[in-house]
Structures are given as C-alpha cells and as structure tokens.
Amino acid sequence: MDQVATLVEFFSGNTINNVLGCFAFSPRTVIFLTDHGLEDAQKQGTLRAIRSRLPQTRVAFCPVEEAALETVQAALEAIWHRYPDAVFDFTGGSETMLLASFAFAVRNEAPMMHIHMESRRLINIQGCEALERDFVFPELTLEDHLNMNGAFLSGIGCQTPDDSHRERLRGFCKLVLEDQPRWKAQCLYIQMAAARAKDLRVDNLLEFRTAAGEAVRGDPDYLRRLEAVGMIEELWLKGDRVRFRIPDPQLKQCLCDSGKWLEMLTYLLLKDSGRFHDVRLSVRIGWGEQEQQTKGTAYNEIDIIACAGITPLFISCKSGLPNPNSMNEILVYARKFGGVRAKAAMVTSSEISHGFVGLRKRASDLGTVIVDESDIKEELAQGMLLALLDSKA
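Below: a short report on this structure. Please read these numbers as outputs of a predicted model, since none were measured by experiment.

### Digging into the overall build of the chain
Okay, step 1: Scanning the chain from terminus to terminus reveals 15 helices and 17 strands.
Okay, step 2: Going through the 393 residues of the chain one by one, you find that 50% of them count as buried.
Okay, step 3: Of the contacts formed within the chain by residues at least 6 apart in sequence, a portion of 66% connects residues at least 24 apart.
Okay, step 4: Counting every atom, the chain has about 18200 Å² of accessible surface; 48% of that belongs to carbon and sulfur.

And the structure:
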C-alpha cells in the first residue's frame with residue numbers, strides 16, 4: 001500500500017472513527033480538526049490508542065469554530081499549504097465540518113476517502129485509487145480497545161492454551177460434559193493429589209481425608225479416561241496407590257479447577273470458528289492510566305475477551321445458573337471497556353430449564369445471549385456466539 005504521509009481526520013466522539021484510518025495507513029503525521037470547545041479529557045482515548053500502537057506517528061489537534069465556516073476554511077488552507085501531500089479521511093466528524101472540508105477538498109483536488117466499517121472497505125471519494133486497491137481493513141487488539149476506552153490490561157490470569165494441547169482439551173471437555181458431578185468429585189481428588197506432588201508427578205494414595213474426615217477417593221476408571229484423552233500420562237494403579245504425570249502446568253491448572261474446562265471449551269469454540277484474531281482468558285482490567293495506579297487498586301476480571309475485526313466480544317463463564325444481575329454486569333463491562341460496538345455473552349455449564357426460559361428473553365432484551373449445557377452438547381454454542389457477533393448493535 002502507498003505510504004500516507006499526512007492524514008487529516010475530523011474528530012469524532014466515537015473514538016474508533018478517529019483511530020481506524022491511522023491504524024490502516026500508519027501516517028507520519030495525523031491532524032485532527034476539532035471543535036474549539038473540545039476538552040483534553042475527550043482526546044485522551046484517541047491519543048492513548050495511537051501512541052501505543054504507532055509511537056512514531058505525530059499527532060496534532062487543530063481547533064476550529066464549527067459554526068464559523070471561515071475558521072474551518074482558514075484551518076484547511078493552513079494545513080493544505082503546509083502538508084500538500086495530505087489525505088482527507090471522511091470516516092468521522094460533524095456534518096458541518098465534513099461539508100466544509102468536502103467543498104475545500106473538491107476545489108483543491110485533494111485526495112479524499114472513507115472507511116466503511118460494515119463492509120470493511122475503503123471508499124475512494126477522490127484521488128485515492130491506489131489506497132482503495134491495496135486497502136487492508138485494520139484489526140483491533142484487546143489493548144487497542146482498552147486504550148480507546150480509558151483502561152489498561154493489568155494481567156492475564158490464565159494463558160491461552162498452546163496449539164499442541166487443543167486435541168487433549170477437546171477430549172477433556174467432552175469427558176466432563178458427559179457427567180459433570182463425577183468430574184467435580186475427581187477434580188477434588190486431583191487437587192489434593194497435585195498439592196502433595198513434586199512438580200507435575202503424582203505418587204500418592206488413592207484416597208485422602210479432608211480436615212472434616214470425609215473420604216476423597218480417586219476413581220481408577222476416570223483416571224484411565226483422563227489418560228486416554230491425554231490430560232495425564234504414565235498412569236500406574238496398584239492397590240491403594242496411584243502414580244501419574246501431568247504433561248504441562250497449563251493442563252494442571254485445568255485439572256485442578258473444576259470450572260476451568262468451560263472457559264477452555266469456549267476458547268476452543270472461538271478459535272475453531274476462524275473469526276477471531278485475538279482471544280484472551282481471565283483478563284484483568286484496570287481503570288485509567290496504568291502508571292498512576294497504586295497497589296490495592298480495584299480491577300475487573302473478565303473470563304474471556306475475543307476480538308474480531310473491530311468488534312470485541314466479552315464472555316462470562318458460569319458454573320451455576322446466571323441471573324439478570326450477572327447479565328447486566330457483563331454487558332456493563334463490555335460497553336465500558338469495549339466501546340459502543342462491543343458485544344457480551346454468557347456461557348453456563350448449567351441447564352436453563354423450562355421454568356427459567358425468561359432468562360433467555362431477558363438476555364435478548366439486554367443485547368446478550370446465554371449459551372447453556374444443552375446448547376453445548378447439541379453443538380449450537382459456536383453458532384449462537386457468532387450470530388451475536390454479527391448482530392446489529
């Protein structure tokens with residue numbers, strides 16, 4: 001794609017309109033025409049996003065009086081005189097500013113274009129044939145969305161699984177789905193066994209006692225099935241003793257957390273769809289500027305955030321039955337940290353029975369979707385999440 005040296009943007013209250021052209025073309029200089037009354041706080045999301053992703057790009061703001069067209073005209077004359085290589089991006093901005101700038105660009109035969117978000121195309125208004133031909137629609141990462149919305153990534157509680165583990169995890173999730181209560185009982189045993197293990201090798205009794213004296217016993221058949229799907233290796237059973245090795249610390253995390261399988265299953269559904277370029281697990285999000293945060297600052301943790309193009313999908317995974325408050329919560333987080341295009345969903349390992357069908361209607365009214373146990377077993381979950389992604393806001 002031809003290099004865009006100077007990009008002229010028209011400041012929008014929707015930050016994504018401000019940054020999309022910059023991310024697509026990586027200009028040396030970007031100049032924003034803004035209304036004279038625009039406060040510095042309104043610029044921060046745009047500045048953070050551009051400086052984080054394009055640290056070499058110079059960002060300038062040119063304030064004008066929108067209601068006084070002569071000030072817009074004077075600003076455009078000055079920009080055009082200093083930057084005769086400028087390209088005008090009509091993706092955002094107020095009607096008054098856009099109309100005045102369009103008239104100016106036509107008179108001066110300046111190149112003009114518009115990025116159409118729904119079709120993911122660049123529209124050549126004038127003089128941008130090469131840019132239109134070679135245009136690649138930019139994709140936004142989680143960090144981009146957080147920067148635009150006044151937040152920052154403060155940590156990841158669970159690393160995304162290595163590709164080499166995908167088949168093991170698929171088999172594991174299928175095994176858990178067959179009998180969730182049985183899995184929970186075995187998870188408790190594995191937790192206790194792993195806590196007594198050296199590194200990833202378990203060599204211990206087949207039965208433990210809790211502090212209350214209750215027996216927690218390993219199920220030899222279930223352990224064999226875990227070995228068959230690759231979650232444990234080198235299984236040896238004799239009398240009241242057991243030995244096995246967990247292949248990887250990440251798999252140990254799944255085996256020692258009774259609800260982690262649901263996040264992994266959802267992750268696999270998203271990755272297998274081929275629609276998402278950025279999927280994160282157990283995302284911890286802080287508010288404001290990271291360098292201003294102190295120890296003890298409150299954070300929010302989201303089970304899964306997946307980015308497709310310019311749309312982030314926030315997902316809450318619940319072992320129990322969700323309620324309207326939890327649905328409201330994930331929707332609020334999506335809007336706060338992902339912007340107006342963000343989507344929110346809930347995935348539960350419970351069954352939404354006929355007596356709770358109102359939950360689905362409530363979710364639909366809120367602009368979210370609930371995926372339950374039956375949806376997962378009937379292989380409807382992925383399609384439901386993709387339908388939400390493609391739905392109009």
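What follows continues from the structure just given.
### As for the packing of aromatic side chains
Okay, step 1: Scanning all chains against the criterion turns up 13 aromatic pairs.
Okay, step 2: Ring centres of Phe10 and Phe90 lie 5.1 Å apart, and the angle between their planes is 40°; on these two criteria the pair is classed as tilted. Here Phe10, found in strand E1 (residues 6-10), pairs with Phe90, found in the loop between strand E4 (86-89) and helix H4 (95-107); they are 80 residues apart in sequence, far enough to count as distant.
Okay, step 3: Given the relative accessible area of 1%, Phe10 is considered buried.
Okay, step 4: With a centroid separation of 6.0 Å and an interplanar angle of 75°, the aromatic rings of Phe11 and Phe32 are classed as edge-to-face. You can see Phe11 sitting in the loop between E1 and helix H1 (15-25) and its partner Phe32 sitting in strand E2 (residues 29-35), a full 21 residues away along the chain. Just as Phe11 is buried, Phe32 falls in that class too.

### Focus: the environment of Ile246
Okay, step 1: With respect to the element layout, Ile246 can be found in the loop between strand E12 (241-245) and helix H10 (249-255).
Okay, step 2: Residue Ile246 is classed as buried on the basis of its relative accessible area, which comes to 2%.
Okay, step 3: Each C-alpha atom of the pair Ile246 and Glu233 lies 6.3 Å from the other, and the pair is 13 residues apart in sequence.
Okay, step 4: For Ile246, the contacting residues outside a window of four places in its chain are Leu200, Met231, Ile232, Leu251, Lys252 and Leu255.

### Side note on the packing of H1 against helix H2 (residues 40-53)
Okay, step 1: Here H1 crosses H2 at 20°, and the two axes come no closer than 9 Å. Taken as axis vectors, H1 and H2 run roughly parallel relative to one another. Read as a crossing pair, H1 and H2 show a hand that is right-handed. From H1, Thr15, Asn18, Val19, Cys22 and Phe23 reach across to H2, where they touch Gly45, Thr46, Ala49, Ile50 and Arg53.
Okay, step 2: Across the contact of H1 with H2, the residue classes tally to 5 nonpolar, 4 polar and 1 charged.

### Considerations on unusual backbone geometry
Okay, step 1: The backbone of Arg120 sits at a positive phi, close to 60°, despite the residue not being glycine.
Okay, step 2: Positionally, Arg120 belongs in the loop between strand E5 (112-116) and strand E6 (121-126).
Okay, step 3: Unusually for a residue other than glycine, Glu379 sits at a positive phi of about 60°.
Okay, step 4: Checked against the element boundaries, Glu379 lands in the loop between helix H14 (373-377) and helix H15 (381-390).
Okay, step 5: Note on Glu379: relative accessible area 73%, which makes it exposed.

### Examining a nonpolar patch on the surface
Okay, step 1: Taken together, the side chains of Phe102, Val106, Ile123 and Ile125 make up a nonpolar region of the molecular surface, amounting to roughly 290 Å² of accessible area.
Okay, step 2: Elements that contribute at least two residues to the nonpolar patch include exactly H4 and E6.
Okay, step 3: The topology assignment puts Ile125 in strand E6.

### Comments concerning helix H3 (residues 69-82)
Okay, step 1: Helix length check: H3 (14 residues) gives 20 Å between terminal C-alpha atoms against 20 Å at 1.5 Å per residue, within 8%.
Okay, step 2: Those residues of H3 that sit buried are Val72, Ala75, Leu76, Ile79 and Trp80. Along the long axis of H3, the arc covered by the buried residues comes to 130°, so they all point the same way. Away from the buried face of H3 by more than 90 degrees, exposed residues Glu70, His81 and Arg82 are located.
Okay, step 3: Contact partners of the buried residues in H3: E1, E2, strand E3 (58-64), E4 and H4.

Definitions and cut-offs
Residues numbered from 1 in each chain as written. Predicted model: local features only at pLDDT ≥ 70, side-chain atom pairs only at ≥ 80, totals over all residues. Heavy atoms only, no water. Helix = DSSP H or I, 4+ residues; strand = E, 2+ residues; numbered from the N terminus. Buried < 20%, exposed > 50% of the residue type's maximum accessible area, 1.4 Å probe, protein only. Contact = heavy atoms within 4.5 Å. Areas by Shrake-Rupley, 256 points an atom, 1.4 Å probe, with all protein chains shown as cover. Phe/Tyr/Trp six-rings, centres within 6.5 Å; stacked < 30°, edge-to-face > 60°. Axes fitted to C-alpha atoms, helices over the stretch in contact; angles between N-to-C directions. Parallel < 35°, antiparallel > 145°, perpendicular 65-115°, else oblique. Left-handed = near helix turned anticlockwise from the far one by under 90°. Nonpolar A, V, L, I, M, F, W, Y, C, P; charged D, E, K, R; others polar. Patch = residues over 30% accessible without salt bridge, like charges linked within 9 Å, V, L, I, M, F, W, Y side chains within 5 Å. Salt bridge = Lys/Arg side-chain N within 4 Å of Asp/Glu carboxyl O. Expected span 1.5 Å × (residues − 1). Arc of directions from axis to C-beta.

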